[in-house]
Amino acid sequence: MSLLIAMSQWDVESWRERFRRVLPGLDIVALGEPFDRRAVRYAASWKHPEGALAGLPALEAVFSLGAGVDHLFRDPRLPDVPIARVVDPDLTSRMSEYVALHCLIALRQQRRYDRQQRLAQWIDDRDQPAARDVRVGILGMGVLGLDAAGKLMALGFDVAAWSRTPRQVEGLPSFAGPEGLGPFLARTDILVNLLPATPETEGLLDRRVFTQLARGGRLGGPMLINAGRGATQNETDILACLDEGVLRHATLDVFREEPLDASSRFWTHPGVTVTPHNAAMSAPDAICALIARQIGRLERGLPLEHEVDRARGY
Ligand code: NDP
Ligand code: OXD
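To keep things clear, this report deals only with the structure shown in the data block. Keep in mind that what you see is a predicted model, and the values were worked out from it rather than measured. (Residues numbered from 1 in each chain as written. Chains lettered and ligands numbered in written order. Predicted model: local features only at pLDDT ≥ 70, side-chain atom pairs only at ≥ 80, totals over all residues. Heavy atoms only, no water.)

With that settled, consider the sheet that holds strand 6 (residues 135–139). Read from one edge to the other, the open sheet built from seven strands follows the order 8-7-6-9-10-11-12, with strand pairing classed as parallel. Of all strands in the sheet, those with a lone pairing partner are strand 8 (174–176) and strand 12 (272–274), marking the two edges. With direction set aside, neighbouring strand axes in the sheet form an average angle of 15°. Where strand 9 (residues 190–193) lies against strand 10 (residues 223–226), four bridges are found, and the strand directions are parallel. By the bridge assignment for strand 10, asparagine 193 is matched with asparagine 226. (Pairing = 2+ DSSP bridges. Helix = DSSP H or I, 4+ residues; strand = E, 2+ residues; numbered from the N terminus. Axes fitted to C-alpha atoms, helices over the stretch in contact; angles between N-to-C directions.)

Attention now moves to the nonpolar core. Here is a general trend for soluble globular proteins: nonpolar side chains tend to be buried in one another's company. In terms of nonpolar packing, the biggest core is built from 54 residues, with Leu3, Phe19, Ile138 and Ile190 touching the most fellow members. The element best represented in this core is helix 3 (residues 89–107), accounting for eight residues. Filtering out sequence-adjacent residues up to four positions away, phenylalanine 19 remains in contact with Leu3, Ile5, Ile28, Ala44, Leu65, Cys288 and Ile291. (Core = buried A, V, L, I, M, F, W, Y, C linked by side-chain atoms within 4.5 Å. Buried < 20%, exposed > 50% of the residue type's maximum accessible area, 1.4 Å probe, protein only. Contact = heavy atoms within 4.5 Å.)

What follows is about the site of ligand 1. Within the structure, ligand 1 sits among 29 residues, and Met141, Thr165, Arg167, Asp253 and Tyr314 are positioned closest to it. Within the side chain of glutamate 200, a nitrogen or oxygen atom sits 3.0 Å from a nitrogen atom of ligand 1. Starting from 940 Å² of accessible surface for ligand 1 in isolation, the protein chains cover 94%. Mapped onto the shell around ligand 1, the elements with two or more residues apiece are helix 3, helix 5 (143–155) and strand 7 (158–163). In this structure, the shell around ligand 1 is formed jointly by two domains, domain 1 (2–88 + 284–299) and domain 2 (129–274), each of which donates at least three residues. (Near = heavy atom within 4 Å. Polar contact = N/O pair within 3.5 Å; in protein donor to acceptor, adjacent residues only side chain to side chain. Areas by Shrake-Rupley, 256 points an atom, 1.4 Å probe, with all protein chains shown as cover. Domains from an automatic or database assignment.)

Moving on, we come to the site of ligand 2. Contacts to ligand 2 come from Trp46, Gly66, Ala67, Gly68, Arg229, His277, Ala280 and Ser282. Here an oxygen atom of ligand 2 sits 2.7 Å away from a polar atom, N or O, in the main chain of alanine 67. Note that an oxygen atom of ligand 2 is positioned 2.6 Å from one of the side-chain N or O atoms of histidine 277. Surface burial for ligand 2 is 85%, taken as the share of its 210 Å² of free accessible area covered by protein chains. When its residues are assigned to classes, the shell around ligand 2 shows three nonpolar, four polar and one charged. (Nonpolar A, V, L, I, M, F, W, Y, C, P; charged D, E, K, R; others polar.)

Using the criterion set out here, one finds zero disulfides in the structure. Free of any disulfide, cysteine 241 has its nearest neighbouring cysteine sulfur in cysteine 103, separated by 20 Å. (Disulfide = S-S within 2.5 Å.)

Scanning the model with the defined rule gives six aromatic pairs in all. Ring plane angle 10° and centroid distance 5.2 Å describe the contact between tryptophan 10 and tryptophan 46, whose orientation is recorded as stacked. Here tryptophan 10, found in the loop between strand 1 (2–7) and helix 1 (12–22), pairs with tryptophan 46, found in strand 3 (residues 40–46); they are 36 residues apart in sequence, far enough to count as distant. Take tryptophan 46: its relative accessible area is 9%, and that puts it in the buried class. Three or more aromatic residues link up through ring pairs in this structure, and these residues are Trp10, Trp15, Phe19 and Trp46. Between the NZ or CZ atom of arginine 18 and the centre of the ring of tryptophan 15, over which it lies, the distance is 5.4 Å. Arginine 312 extends its terminal NZ or CZ atom over the ring of tyrosine 314, reaching a point 4.0 Å from the ring centre. (Phe/Tyr/Trp six-rings, centres within 6.5 Å; stacked < 30°, edge-to-face > 60°. Lys NZ or Arg CZ within 6 Å of the ring centre and 35° of its normal.)

What follows is the structure in structure tokens.
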């Protein structure tokens, strides 16, 4: 009985070592080497090549090595078995740190002070907005969106959130569905995307959305933070809206094509902050322990935790 590591980018051997430690009863095999396809009971995937999980007759579950599962659904030959994703407190905290960091940079006008320091300019400016004056709108009220919302609220920001289905969270104004999007955007100075990439969210962050964001807020113009997925953003619209002042700043951790090409205008645009898809790193030891726990559950006849709903795509 074996677990198949199916990845195209990361270092397989370090993952094999970790899986061996937490799953001593399983053979750990990997794509690219000879293995018995009939013995594979579990697969752990990060961006596996198309079709790599087909033809595994004993396969019982697929584990995404990340929180997102869009990489799995890109494979039209993905086997019809339960899928579980990563939900891990360390990853969640890291994402909230990223979101809080970039909201605070905007609130405390740190980019301006960095520019002033480079010019040795001491400008005694007392016109600092308070956190309560800044409206942050979070797209996504899942594991990551809710944690970030709670931490931003603790910092004093005026936070609201948007989801697919209506959600009620004490103290958090919430909006849902296409009809809730307009009112949500109209009260947002900093738009934070923590949505999964699905056919429904594809290209959602476009000019139509940016033009509905609040005007006249204390930051001098609306800002975007995208730490969800690149497929959710219309990159041409982001650049055009930055050029036209529809957006004041965009902090982007994710892109349609990764790694971001050296010729991309995002690298040099003065209104853009680029980070290399590391807003929330998944700690490999924690992921392997999570998968080992899930396999233990399956073997005791218990359902998977954090199972993905294929119909919703997340
Ligand atoms: P969850 O599945 O817990 O939450 C997803 C949220 O998005 C839910 O609130 C859901 O609504 C909402 N949603 C989904 N589709 C729509 C839609 N069409 N319209 C409105 N709302 C929608 O996911 P997580 O919070 O754990 O993760 C979110 C994403 O973050 C991941 O899918 C991944 O792409 C990204 N990510 C990025 C990382 C990075 O380093 N940049 C790291 C980790 C994750 P509802 O509540 O109604 O179901
Ligand atoms: C994830 C990611 O989905 O790192 O976990 O993007």
